[in-house]
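Residue-level structure breakdown
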Amino acid sequence: MRDVMPKWADVVLIPLISLVLAFLLSAVVIIAIGEDPVAAVKMMVTGALGSTYAWGYTLYYATNFIFTGLAVAVAFHAKLFNIGGEGQATLGGLGVALVCLALPWPHWTLALPAAVIGAALFGAAWAAIPAWLQAKRGSHIVITTIMFNFIGAAVLNYLLVNVMRPVGSMDPATAKFPNGTHLPTLHDLLAPFGIAFSRAAPANISFLIAVAACILVYLLIWRTRLGYEIRAQGHSEPAAIYAGIRPVRIVMAAMLISGALAGLMAVNNVMGEAERLVLNSVEGAGFIGIAVALMGRSHPFGVFLAAILFGFLYQGGAELALWTDIPRELIVVIQALVILFTGALDNMVRMPLERLFLGLRKGRA
Amino acid sequence: MTLMQKLLGAGAALAVSAGGALAEPAMVYDLGGKFDKSFNEAAFGGAEKWKAETGESYREIELQSEAQREQALRRFAEAGLNPIVMAGFAFGSVLEEVAADYPDTKFQIIDMVVDAPNVRSIVFSEHEGSYLVGMMAAMASESNTVGFIGGMDIPLIRKFACGYAQGVKAVNPDATVIQNMTGTTPAAWNDPVKGGELTRAQISQGADVIYAAAGGTGVGVLQTAADEGILSIGVDSNQNYLHPGQVLTSMVKRVDVAVYNAFKAGADLETGIFVLGLAEDGVGYAVDEHNADLVTEEMQAAVEDAKAKIIAGEIAVHDYMSDNTCPVK
């Protein structure tokens, strides 16, 4: 089945057709509630790409999705389906909050590396238990990671309500992080180059960390021995064992890296944006990461592009909620349709296309 | 109004903001949702009333998650909307930051005090209104057991519970008040199923009047109470109409008036801290055609008497939030 289609069709054509289908169905939904789909699309485009403010939000969301998308992608190379990005990012947020609140940080250059380590450690730790259960006990990773999402949410809920909430506050959230942990936003970063980027937008230096993570994941998967072992395990476990690769080690390594990447998302949303830890700070990015990884074919560059697309959808959706009467439930429906088509219904587009290409080839032969 | 007109309107709002002039007011609802039949819907009612009277339009948003609060406020402020009204204590910490960044925009927060020069903080004396409905609950109860179901377990809701319990005990010192909270997170504002379960649990313990101070969760409480044939007490909005003849009364909190007044004042909104109690008609109990048969003359006389005494200062209802304790259980 592998070589049925040319590479370009696999990488470009299928995601494109899926997207078009999703948008067509979304248009039907918008028409059904009596709104104008063309105007809605226009609003999404200007709202997500039309100004530096809009780009600031699109890139902010994209940064989240790059981290969670990479997390899913790395695990996927070892044929592990980590759908616990949500929980791992939640715990990553806890790591960031603990680091930021522990010391009166004098400057962000000191706080950032510490927060990165805290986020990665907590995210990896949250992935470690399902990984160990999979490696040693054969408990299915899909089941355990998704359950750990609920446990993670409950743990954070408990900590925010009972332990980390400042005295006298009614909102279940931590205190504000000290000023020394304030990360430079794109506004601050671009100002020296004479580029006036919106001051209010939350995109920050974490975006650069996300880009660096893409490059590092590429090097890890295709240029290191561990990456080779991960891919070998993913293609065939018996063959990997025959080649002297220990599955337990690979499962643990892949899942720890995956969890750490998901946890790193918290540097962006907790430290870079909210500057305090609130409930539901992940906002479903862990699950979007699955769609991003599937659409990006588990390649870091693909993940990067897919993350930008989903950043656009998220920010565009927020604009729709602000400026139209389309109810919030239907905006979630539209976002879900895109995820459904690009993620879950991949084969619906793939199979007819493969048949088509097969037919073309036979015709030529 | 078609979407295109709205787009143009939004564009116009942006253009106007660039010129520094004032524009439409904006309303931000909390996680319970605009149609929670209670707190947020009261705010919506006030905004709609202003719209109907002036014929002008306003912008609004329902939040999808906690993390959206700041984006919603900033986006509206960037667009030059003024004033921006938000319903809910949870906006407090976010508003502290956002208000400082937009000194020319007026903000109004309900249920929370934010000390900033361009913020109007509205807080209500919910304990006083709850005291009155507590008295009515005790008088209507035959089992001498009444219930309270709160939304999120926060001092604000305990303030409702404490005022209610004081009112009950004032009428009948031997009465039992069963108290439950739906949860500890904002999700507790919109969980009618759990509200119904708690109602059933309280009924099994003998409660025959239940007061719900739980936003959208209260819809489940009132529904279950009506199904099981006991009385309930609504909150924030007048909810008597939801189950005519089965809702004893509603502790109305005039969120609608607060929103209406803010919209009416526009960019000239007076800032500062405003406390609305019985004397200001900020809180009270609702009597209308749906519950007229339930509220006896004796009941109404007693409650009116207590109301006058509270306003005159002869009865002091303890405010839970003043010291985080309640003198009665």
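This is a predicted model, so every value here is computed, not measured. (Residues numbered from 1 in each chain as written. Chains lettered and ligands numbered in written order. Predicted model: local features only at pLDDT ≥ 70, side-chain atom pairs only at ≥ 80, totals over all residues. Heavy atoms only, no water.)

Quick look at the overall build of chain A
In terms of regular secondary structure, chain A is built from 15 helices and zero strands. Rg of the C-alpha trace for chain A: 21 Å, near the compact-globule value of 21 Å for 365 residues, within the 12% margin. Along the first, second and third principal axes, the C-alpha atoms of chain A reach 75 × 60 × 40 Å. Counting every position in chain A, which comprises 365 residues, the buried fraction comes to 57%. For chain A, long-range pairs separated by at least 24 residues make up 77% of all intrachain contacts whose partners lie at least 6 apart in sequence. Working note: accessible area of chain A is about 15800 Å², and carbon and sulfur atoms make up 71% of it. (Helix = DSSP H or I, 4+ residues; strand = E, 2+ residues; numbered from the N terminus. Rg over C-alpha atoms; globule rule 2.2 N^0.38 Å. Buried < 20%, exposed > 50% of the residue type's maximum accessible area, 1.4 Å probe, protein only. Contact = heavy atoms within 4.5 Å. Areas by Shrake-Rupley, 256 points an atom, 1.4 Å probe, with all protein chains shown as cover.)

Let's talk about the pairing of strand E6 (residues 145-152) of chain B
Residue and element names in this part refer to chain B. With eight of eight residues buried, E6 lies mostly within the body of the structure. At this point the chain moves from E6, through helix H6 (residues 155-171), to the parallel strand E7 (residues 176-183), and the crossover so formed is right-handed. As defined by bridge partners, E6 adjoins strand E8 (residues 209-213) across five bridges and the pair is classed as parallel. Each residue of the ladder has a partner; that of Gly-147, found in E8, is Ile-210. (Right-handed = clockwise from strand over helix to strand, strands pointing away. Pairing = 2+ DSSP bridges.)

Points about the interface of chain A and chain B
Listed per partner, the contact involves 31 residues of chain A and 43 residues of chain B. Buried area between chain A and chain B, both sides added, is near 3200 Å², and the carbon and sulfur share of it is 58%. Of all residues in chain A, Met-170, Trp-323 and Arg-328 of chain A bury the most surface against chain B, accounting for 28% of the area lost on that side. Put simply, chain A and chain B have two salt bridges between them. Across the salt bridge formed by Lys-176 of chain A and Glu-97 of chain B, the nearest N and O atoms sit 2.7 Å from each other. (Buried area = accessible area lost by both parts, 1.4 Å probe. Salt bridge = Lys/Arg side-chain N within 4 Å of Asp/Glu carboxyl O.)

Topic: the sheet that holds strand E10 (residues 247-253) of chain B
Residues and elements named next belong to chain B. The six strands lie next to each other as E7-E6-E8-E9-E10-E12, forming an open sheet whose pairing is mixed. Looking at strand neighbours, the two that pair on one side only are E7 and strand E12 (283-285), the edges of this open sheet. On average, adjacent strands in this sheet sit at an angle of 15 degrees to one another, irrespective of strand direction. The pairing of E10 with E12 spans three bridges and is classified as antiparallel. Residue pairing across strands places Met-251 opposite Tyr-285, the latter belonging to E12. Contacting E6, E8, strand E9 (231-236), E10 and E12, helix H5 (residues 126-140) crosses the sheet at an angle of about 175 degrees to E10. (Axes fitted to C-alpha atoms, helices over the stretch in contact; angles between N-to-C directions.)

A few points about the sheet that holds strand E5 (residues 119-124) of chain B
All names here are of chain B. Spatial strand order, E2-E1-E3-E4-E5-E11: six strands in an open sheet with parallel pairing. The sheet is open, and its two edges are formed by strand E2 (59-62) and strand E11 (272-276), each paired on a single side. In this sheet, adjacent strand axes meet at a mean angle of 15 degrees when their direction is disregarded. In this sheet, E2 lies alongside strand E1 (residues 26-29) in parallel orientation, the contact comprising four bridges.

Digging into helix H1 (residues 7-32) of chain A
Residue and element names in this part refer to chain A. Helix length check: H1 (26 residues) gives 38 Å between terminal C-alpha atoms against 38 Å at 1.5 Å per residue, within 8%. Along its length, H1 reaches its greatest deviation from straightness, about 35 degrees, at Leu-13, and the proline Pro-15 lies no more than four positions downstream. Immediately beyond the C-terminal end of H1, within one or two residues, lies Gly-34, with a positive phi of roughly 80 degrees. (Expected span 1.5 Å × (residues − 1). Bend = angle between axes of the 7 residues up to and from the residue.)

Topic: the domain arrangement of chain B
Residue and element names in this part refer to chain B. Here chain B is partitioned into domain 1 (3-125 + 256-276) and domain 2 (126-252 + 283-323). Using C-alpha coordinates to define each centre, domain 1 is positioned 29 Å away from domain 2. Every contact between the two is made by 14 residues of domain 1 and, on the other side, 21 residues of domain 2. The junction of domain 1 with domain 2 conceals about 1300 Å² of combined surface from both sides, 57% of it contributed by carbon and sulfur atoms. Of all residues in domain 1, the largest losses of buried area upon contact with domain 2 belong to Lys-37, Phe-89 and Ser-125, amounting jointly to 42% of the total for that side. For the interface between domain 1 and domain 2, the tally reads eight residue pairs in polar contact (both at pLDDT 80 or more). For the side of domain 1 that touches domain 2, the leading source of residues is helix H2 (residues 39-54), giving three residues. Residues that form the side of domain 1 that touches domain 2 fall into these classes: six nonpolar, three polar and five charged. (Domains from an automatic or database assignment. Polar contact = N/O pair within 3.5 Å; in protein donor to acceptor, adjacent residues only side chain to side chain. Nonpolar A, V, L, I, M, F, W, Y, C, P; charged D, E, K, R; others polar.)

Considerations on helix H13 (residues 300-323) of chain A
Counted at 1.5 Å a residue, the expected span for H13 of chain A with its 24 residues is 34 Å, and the 34 Å between its end C-alpha atoms agrees. Of all the 24 residues making up H13 of chain A, 20 are buried; the element is thus mostly covered by neighbouring parts of the structure.

Looking at the pattern of salt bridges
Inspection of the entire model under this criterion finds 19 salt bridges over all chains. Asp-171 of chain A is the partner of Arg-276 of chain A in a salt bridge, and the nearest nitrogen-oxygen pair spans 3.8 Å. With a gap of 105 residues between them, Arg-276 of chain A in the loop between helix H11 (247-274) and helix H12 (285-295) and Asp-171 of chain A in the loop between helix H6 (141-163) and helix H7 (186-190) connect regions that are remote in the sequence. Residues joined by salt bridges that share partners form a network here, namely Asp-111, Glu-126, Lys-159 and Lys-253 of chain B.

Considerations on unusual backbone geometry
Looking along the chain, the bond that leaves Asn-82 of chain B and enters Pro-83 of chain B is cis, with omega of -5 degrees. Unusually for a residue other than glycine, Arg-297 of chain A sits at a positive phi of about 50 degrees. Residue position: Arg-297 of chain A is located in the loop between H12 and H13. Located in the positive-phi region is Asp-281 of chain B, a residue other than glycine, with phi close to 60 degrees. In this structure, Asp-281 of chain B sits in the loop between E11 and E12. Taking the relative accessible area as the measure of exposure, Asp-281 of chain B reaches 51% and is therefore exposed.

A look at the packing of aromatic side chains
The final tally for this structure, using the stated rule, is 18 aromatic pairs over all chains. Both rings, one in Tyr-57 of chain A and one in Tyr-61 of chain A, keep their centres 6.3 Å apart while their planes meet at 35 degrees; by these two values the pair is tilted. Of this pair, Tyr-57 of chain A and Tyr-61 of chain A both sit in helix H3 (residues 52-77), four residues apart, which is roughly one turn of that helix. By relative accessible area, which is 2% here, Tyr-57 of chain A ends up buried. Measuring from ring centre to ring centre gives 5.3 Å for Phe-35 of chain B and Phe-44 of chain B, while their planes differ by 80 degrees; the resulting arrangement is edge-to-face. Taking the relative accessible area as the measure of exposure, Phe-44 of chain B reaches 17% and is therefore buried. By way of ring pairs, the aromatic residues Tyr-53, Tyr-57, Tyr-60, Tyr-61, Phe-65 and Tyr-314 of chain A are connected into one cluster. Note that Lys-49 of chain B overlies the ring of Tyr-260 of chain B, its terminal NZ or CZ placed 4.1 Å from the centroid. (Phe/Tyr/Trp six-rings, centres within 6.5 Å; stacked < 30°, edge-to-face > 60°. Lys NZ or Arg CZ within 6 Å of the ring centre and 35° of its normal.)

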